[in-house]
Amino acid sequence: MENIDNAREEFARVRQFAEAHVDQIVSEADARFQLIDRILLEVLGWRRDGIRMEPPTESGYIDYLISTGGRNAFVVEAKRTEKALVTTKSLEQRYYKVGGSALRDAQDGLAQAASYCASKSVPFAALTNGFSWIGFRALRVDGVEYRDGVAAVFPDLNAIQNRFAEFYDLFSQEGVRARLYSVYLDREEGSALSAVDPLLSVVPPSEIYLMRKSDLARDMDQIFNEFFKTLTGDSDQELLAHCFVDSPESHEADRTLEKITRELVSYVQSIKDGAGLELQQEIEASVATKKGQMVVIVGNKGAGKSTFIDRFFKFKLDRSLREKCLVLKVDLADSPGSIDGLQEWLTDRLNEAAEQALYAGRNPSYDELQGIFFDHYQRWSTGEHKHLYDTDIDAFKIKFGEFISDRRRDKPDAYLTSVLKRAIRQRCVIPCVVFDNADNFPIPFQDAVFQYAYALFRAVAPSVVVVPITDRTIWRLSKAGALQSYSAKALFLPVPSTKSVLEKRVMFIKRKLDEGPEKSQQYFTSRGLRITMENLPAFAACVEEAFIRTDYIARRIGALTNFDLRRGLELSQKIITAPILKVDELVTAYFASRNVQIQEKRIVQALLYGEYNKFKQEAHEYLLDLFSLETGFLNSPMLRLSVLRLLLDKENAASDVPGAYIAFEEVDHYFENMGVPTRCVLAAVEVMVKYRLIEPYEPNSEVLTPTTRIAVTPSGHMHFEMAFNEVVYIEQMALTTPLRSEEFLRGTRGLLAQKMGSSEWTAVRREFARYCLEEDSRLMNFPTHADYQSQVKVRREFERWSS
């Protein structure tokens, strides 16, 4: 809203100027310089570096060829203000047929713009004299001649003022980039969904309600919060020590980090032992030759990078070495998130952490500060302030104290370097600086953190600087970021399976229970748990049955959360405490037979329902209804599934990870050939990005542009699989997806009124699949080209539900 409000204000200024100088704006050059240029740049937000003036084509020179994201997107053909473009007495904004009588005086200009668009493969064009604006689709792939389409017509500046939001959507950079012109033109051409086509679901939203959780389920929520959602172990060192999921890669990373640390500690100790025999300058030169190591811990989100680092320095590193490490950790999750001021923020945090670690939480004393800046102290006493030192030592010390204070305030980076270097020389400790959670931010931010970390590593020798980043981030930085210029040791951590993580936590709870009633009671009570000790073994048995004894559910949880460990544990909690699972009955069964058995279907229902009695899209952040329609337009219920199929094809054909990504405009063009409007494709992709079935190449991209590259995620893979193989998923989508078929609604509601057996549920799935396929065949075309054969195959495979 802020962009359009600013644009409206700018337009008011341009309009006021035009009305005051209308007699001076006559020629095409006048119109371009005084009006069109200003409207394009100041009002519509186009960048000057994205506009080419007069580029040649075979049919002439284009007045304005405008690009966004590096791709041509918009052609503007300018005319002199005396040239009338609209042959109608109406001065209101209207939609007219491009080749119709209302625009007969504009036909030459429209034809010019259409030919330019054809030569540059640009779909949208505007014809304007500065006062009148006509927007139309000049290049179409739906079999319609451009002259048979409609154009958005603003006869004068008053019409623009009165319908400014529409004008902005049609012609602005953000509007053209999102192809919003298709929204308006499709509506006028009859492609939009009519208001008389209501979308209704078999089970009305009013009948989907929040189910009551039992007291035991709420107690289990607390257990999960304490033992399963805690990843770093900050509040429980024992939990951290025993619940990290080891792997061959983590063992190798342990060995490598310990080797690096041991070598540096031994080196510093050897320098210290010989310090009495060497001059201070020689010691410093010698230390400087041993630079230490820059380390990046590489792993997907949820791989446990932060946990690995905490665990390594607290438990895995030999105690004798640990005592020689000055571990300083900065959590970027606490930062403001802006590159502006990032260096100052990092320095302040590190100064605080260093003083806390070196001086036991108190401020360093004067003598300690003098030691930190002893080089400066010596220079002052023998150099520029020698006379003051010899005649008034107290005044000298006061002046030197003021110098230190100014240094701490005005040059905190130099102060930090001095503190760390002094710690190496005097205390024989190795600074081990960790920059955590930088991978939660955009690439430029991560790049800035890495550059800062590397600069600190170069300034303080020897030291170990550790930066955890994602596997995708390291690839980008190595190609076009800081890693392209700097070297670092990379240690890779795989993402542990949800099953193995849960298994470790359950084993930990069992281990605490085995310590005896009194000791275990004390431990669990100290965590503030309400659950009774007798119920804890039953809770552990429920988790084992649901997630550990089989791979089925744990595999789905891992994929649906894109193997993000934290989100995987959150989803596990929602499943085990879902009312449909009836945990009270499971606990009762455990006490009766010391055994718990949960039907697989019941676990899938818990996954889908959450806290409700049916699947409710608005309440679910992990599962998406693939058959829901992109509202406002006629489109196929198979569209989202079709987009996933295209991205899966792209991934299967790729030779490396970057090759799996495809520009949105390529996706759009692919579906244009299937008769799908751009806005429908955009809406489908946007909702799947929101629910993480699709990811942009730049993970922090806020807006999809034509050049945004996207790829399918593990969650997208799992959704695609469930659409063909998961009975409960299809049944719930059949009941809760808003549809247009009254026949399907009546038939399915009639079935639900009966006692639902296997044959009735089969009928629900069958009729839902038939509805989806019938709508799809009516609304999508399938070109015979080989690129579309997988789309045909998707329909054939989906037919299994209709048989």
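**Student:** How should the overall build of the chain be read in this particular structure?
**Tutor:** Along the chain, the regular secondary structure elements total 36 helices and 17 strands. When each of the 803 residues of the chain is scored for burial, the buried share is 54%. For the chain, restricting intrachain contacts to residue pairs at least 6 apart in sequence, the fraction spanning at least 24 positions comes to 73%. In the structure as shown, the chain presents an accessible area of about 36000 Å², 47% of it carried by carbon and sulfur atoms.

**Student:** Would you mind showing me how to read helix α33 (residues 727-736) here?
**Tutor:** The periodicity of an α-helix, 3.6 residues per turn, causes residues three or four positions apart to be oriented the same way. Most of α33 sits out of view: nine of its 10 residues are buried. Buried residues along α33 sit in contact with α28 (600-609), α32 (714-725), α34 (742-752), α35 (758-779) and α36 (789-798). The backbone nitrogen of Val 728 has a side-chain oxygen 3.1 Å away, supplied by the residue at the start of α33, namely Glu 726.

**Student:** Even after reading the chapter, I still don't get the side chain of Ser 172, so can you show me in this structure?
**Tutor:** Its location among the elements puts Ser 172 in the loop between α5 (164-171) and α6 (173-177). At a separation of 3.0 Å, a polar atom in the side chain of Ser 172 contacts the main-chain amide nitrogen of Gly 175.

**Student:** Sorry if this is basic, but what is going on with the pairing of strand β8 (residues 133-137) here?
**Tutor:** The buried fraction of β8 is high, at five of five residues. Alternating residues of β8 divide into Trp 133, Gly 135 and Arg 137 and Ile 134 and Phe 136, and every residue in both groups is buried. In the sheet, strand β7 (residues 124-128) pairs with β8 via five bridges, with the strands oriented antiparallel. If you follow Ala 125 over to β8, its bridge partner there is Phe 136. Adjacent in sequence and paired antiparallel, β7 and β8 are bridged by four residues, among which Gly 130 carries a positive phi angle near 95 degrees. In this sheet, strand β9 (residues 150-154) lies alongside β8 in antiparallel orientation, the contact comprising four bridges. Bridge pairing in β9 links Trp 133 to Phe 154.

**Student:** Sorry if this is basic, but what is going on with empty space enclosed by the protein here?
**Tutor:** Take a probe with the size of a water molecule and roll it over the atoms, and the empty space left behind shows itself. Here the structure, examined in full by the defined rule, presents three cavities of 30 Å³ or more. In this model, the largest cavity occupies a volume close to 50 Å³. Where the lining of the largest cavity is concerned, the elements lending two or more residues are α30 (664-672) and α31 (678-690). In terms of residue count, the dominant contributor to the lining of the largest cavity is α30 (three residues). In terms of residue class, the lining of the largest cavity is built from five nonpolar, one polar and four charged.

**Student:** Before we go on, may I ask you to explain unusual backbone geometry in this structure?
**Tutor:** Of all residues except glycine, most have a negative phi; of all peptide bonds, most are trans. Residue Glu 54 is not a glycine yet carries a positive backbone phi of 60 degrees. Topologically, Glu 54 is positioned in the loop between β1 (51-53) and β2 (56-57). Look at Arg 692: it is not a glycine, yet its phi comes out positive at around 70 degrees. Tracing the chain through its elements places Arg 692 in the loop between α31 and β16 (694-696).

**Student:** Teacher, can you tell me more about a negative patch on the surface here?
**Tutor:** Among the surface-exposed residues, Glu 344, Asp 348, Glu 352 and Asp 413 lie close enough to one another that they form a single negatively charged patch. In terms of residues, the negative patch owes the most to one element, helix α14 (residues 342-358), which gives three residues. Structurally, the position occupied by Glu 352 is in helix α14.

**Student:** Which parts of the structure should I look at to understand the sheet that holds strand β5 (residues 71-78)?
**Tutor:** Two pairing modes exist for strands in a sheet, parallel and antiparallel, and in both the strands are linked by backbone hydrogen bonds. Spatial strand order, β1-β4-β5-β7-β8-β9-β6: seven strands in an open sheet with mixed pairing. Taken across any chain shown, the strands that pair with only one partner, and hence form the sheet edges, are β1 and β6 (94-97). Strand-to-strand twist of the sheet, defined as the mean angle between neighbouring strand axes without regard to direction, takes the value 25 degrees. Sheet strands touched by helix α3 (residues 107-120): β4 (64-68), β5, β7 and β8. Its angle to β5, the strand with the most contacts, is close to 160 degrees.

Criteria and thresholds
- Residues numbered from 1 in each chain as written.
- Predicted model: local features only at pLDDT ≥ 70, side-chain atom pairs only at ≥ 80, totals over all residues.
- Heavy atoms only, no water.
- Helix = DSSP H or I, 4+ residues; strand = E, 2+ residues; numbered from the N terminus.
- Buried < 20%, exposed > 50% of the residue type's maximum accessible area, 1.4 Å probe, protein only.
- Contact = heavy atoms within 4.5 Å.
- Areas by Shrake-Rupley, 256 points an atom, 1.4 Å probe, with all protein chains shown as cover.
- Polar contact = N/O pair within 3.5 Å; in protein donor to acceptor, adjacent residues only side chain to side chain.
- Pairing = 2+ DSSP bridges.
- 1 Å grid on protein atoms, 1.4 Å probe; cavity = no way out; pocket = protein on both sides within 12 Å on 5 of 7 lines; lining within 4 Å.
- Points joined across faces, edges and corners; volume = space filled by probe spheres on them.
- Nonpolar A, V, L, I, M, F, W, Y, C, P; charged D, E, K, R; others polar.
- Patch = residues over 30% accessible without salt bridge, like charges linked within 9 Å, V, L, I, M, F, W, Y side chains within 5 Å.
- Salt bridge = Lys/Arg side-chain N within 4 Å of Asp/Glu carboxyl O.
- Lys, Arg positive; Asp, Glu negative; His and termini not counted.
- Charge placed at Lys NZ, Arg CZ, Asp CG, Glu CD.
- Axes fitted to C-alpha atoms, helices over the stretch in contact; angles between N-to-C directions.

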